[in-house]
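Summary of the model geometry
So the chains spell out like this:
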Amino acid sequence: QVQLLESGGGLVQAGGSLRLSCAASGRSASSVAMGWFRQASGKERELVTAISWSGGNTYYTDSVKGRFTISRDHAKDTVYLMMARLKPEDTAIYYCAAALTPWTMNGDDYEIWGQGTQVTVSS
């Protein structure tokens, strides 16, 4: 099975940018959709964005549209999340996740998880 490892989190001022990376590894190749979730303190985990295996389909939750961009590089087995114009309400632990199908926008379909990386946005 695929194993996922997030990196790139940190502290940033409001209006700034961060780029998160999710590296995938495993002994078996997988053609799956990938997504980024986040969980703020005291709140439920939510699906932020997702991308199909082909890269031809993407999803963004309304609160990040126009600010966040998801992409993937199959040659590097890596998915990225570029976050721009960050707001304090973006503060959360961000998790990379993989579904077991080539494309889905349903958060419940994502079953393989990374350990998470903290993003903190100060005002």
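Structure: above.
Summarised in this report is the structure supplied together with it. (Residues numbered from 1 in each chain as written. Predicted model: local features only at pLDDT ≥ 70, side-chain atom pairs only at ≥ 80, totals over all residues. Heavy atoms only, no water.)

With respect to the state of the cysteines
Summed over the entire model, instances satisfying the criterion amount to 1 disulfide. Two residues share a disulfide in this structure: Cys22 and Cys96, whose sulfurs sit 2.0 Å from each other. Sign of the S-S torsion, about -80 degrees for the bond between Cys22 and Cys96, identifies this disulfide as left-handed. Highlighted residues: Cys22 in strand β3 (residues 18-25) and Cys96 in strand β9 (residues 92-99), separated in sequence by 74 residues. With relative accessibility at 0%, the residue Cys96 sits in the buried group. (Disulfide = S-S within 2.5 Å. Helix = DSSP H or I, 4+ residues; strand = E, 2+ residues; numbered from the N terminus. Buried < 20%, exposed > 50% of the residue type's maximum accessible area, 1.4 Å probe, protein only.)

Let's talk about the nonpolar core
By size, the foremost hydrophobic cluster in this structure holds 26 residues, and its most contacted members are Leu4, Met34, Trp36, Phe68, Val79, Met83 and Tyr94. Beyond its immediate sequence surroundings of up to four residues, Val79 is in contact with Leu20, Ser21, Cys22, Met34, Trp36, Ile51, Ile70, Ser71, Arg72 and Cys96. (Core = buried A, V, L, I, M, F, W, Y, C linked by side-chain atoms within 4.5 Å. Contact = heavy atoms within 4.5 Å.)

Structural notes on the packing of aromatic side chains
Within this structure, the stated rule accounts for 3 aromatic pairs. Between Phe37 and Tyr110, the ring centres sit 5.6 Å apart and the planes meet at 70 degrees, which makes this aromatic pair edge-to-face. With Phe37 in strand β4 (residues 34-39) and Tyr110 in strand β10 (residues 110-113), this pair connects stretches of sequence that are 73 residues apart. An identical accessibility class is assigned to Phe37 and Tyr110; each is buried. Within the aromatic cluster, the residues linked to one another by ring pairs are Phe37, Tyr95, Tyr110 and Trp113. We note Arg45 situated over the ring of Tyr95; from NZ or CZ to the ring centre the distance is 5.5 Å. When the ring centre of Trp113 is taken as reference, the NZ or CZ atom of Arg45 above it lies at 3.8 Å. (Phe/Tyr/Trp six-rings, centres within 6.5 Å; stacked < 30°, edge-to-face > 60°. Lys NZ or Arg CZ within 6 Å of the ring centre and 35° of its normal.)

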